[in-house]
Amino acid sequence: MPTPSMEDYIEQIYILIEDKGYARVSDIAENLQVHPSSVTKMVQKLDRDQYLNYEKYRGLILTPKGKKVGKRLVYRHELLEQFLEIIGVDQENIYDDVEGIEHHMSWNSIDRIGDLVQYFDEKPERVSALREVQKKNEEQNDE
């Protein structure tokens, strides 16, 4: 299993390849706000662990294993964003909150959150009912 740091790189590489068709060390460094030398070291490790194939000065591609993990990591991130939005977390907090929790949850928890997101998506009135509960609780807290 990849470490949380490895997950961040795999996720970012997956996103770049999906968006641009390629991922360069400089793009990864910019998006993760790290030095290119740090990216090179991690890319070499990911190559050794068979998540990607890397050739110096030529670029990198995800292996089938890397693509599978990358896709799952992007799904996890997007799902947690949806979940936090549904439960009413302020939009300006969602990204940082997801970044803070995504590596600390089991896949079982992620799957259960997926079930809950689906539950709310199937009947939007459930979200409305939740908002009513939240409004009532806020009013009680203000008293």
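Predicted model only: the values in this text are computed from it and were never measured.

1. Digging into the pattern of salt bridges
Under the criterion given, the structure shown has 7 salt bridges. Arg76 is the partner of Glu7 in a salt bridge, and the nearest nitrogen-oxygen pair spans 2.9 Å. Taken together, the residues span a long stretch of sequence, with Glu7 in helix α1 (residues 4-20) and Arg76 in helix α4 (residues 64-86) at a distance of 69 residues. Side by side, Glu7 and Arg76 carry an identical accessibility label, which is buried. Salt-bridge contacts for Arg24 lead to Asp27; the nearest nitrogen and oxygen are separated by 3.2 Å. Residue Asp27 is classed as buried on the basis of its relative accessible area of 8%.

2. Observations regarding the side chain of Glu7
Assessed through its relative accessible area of 7%, Glu7 is described here as buried. Polar side-chain contacts of Glu7 include one of 2.9 Å to the side chain of Arg76. Ignoring anything within four residues of it in the chain, the contact list for Glu7 reads Pro2, Leu73, Arg76 and His103.

3. Points about the environment of Arg24
Residue position: Arg24 is located in the loop between α1 and α2 (25-32). Residues Arg24 and Trp107, spaced 83 residues apart in sequence, show a C-alpha to C-alpha distance of 29 Å.

4. Details of the layout of surface pockets
When its volume is computed, the largest pocket comes out at roughly 330 Å³. If you go around the largest pocket, the residues you meet are Asp8, Glu11, Gln12, Ile15, Asn31, Leu32, Gln33, Val74, His77, Glu78, Tyr95 and Glu99. With 4 residues, α1 is the largest single contributor of residues to the lining of the largest pocket. Its residues placed into classes, the lining of the largest pocket shows 4 nonpolar, 4 polar and 4 charged. In terms of domain composition, the lining of the largest pocket takes at least three residues from each of domain 1 (4-68) and domain 2 (73-142).

Criteria and cut-off values
- Residues numbered from 1 in each chain as written.
- Predicted model: local features only at pLDDT ≥ 70, side-chain atom pairs only at ≥ 80, totals over all residues.
- Heavy atoms only, no water.
- Salt bridge = Lys/Arg side-chain N within 4 Å of Asp/Glu carboxyl O.
- Helix = DSSP H or I, 4+ residues; strand = E, 2+ residues; numbered from the N terminus.
- Buried < 20%, exposed > 50% of the residue type's maximum accessible area, 1.4 Å probe, protein only.
- Polar contact = N/O pair within 3.5 Å; in protein donor to acceptor, adjacent residues only side chain to side chain.
- Contact = heavy atoms within 4.5 Å.
- 1 Å grid on protein atoms, 1.4 Å probe; cavity = no way out; pocket = protein on both sides within 12 Å on 5 of 7 lines; lining within 4 Å.
- Points joined across faces, edges and corners; volume = space filled by probe spheres on them.
- Nonpolar A, V, L, I, M, F, W, Y, C, P; charged D, E, K, R; others polar.
- Domains from an automatic or database assignment.

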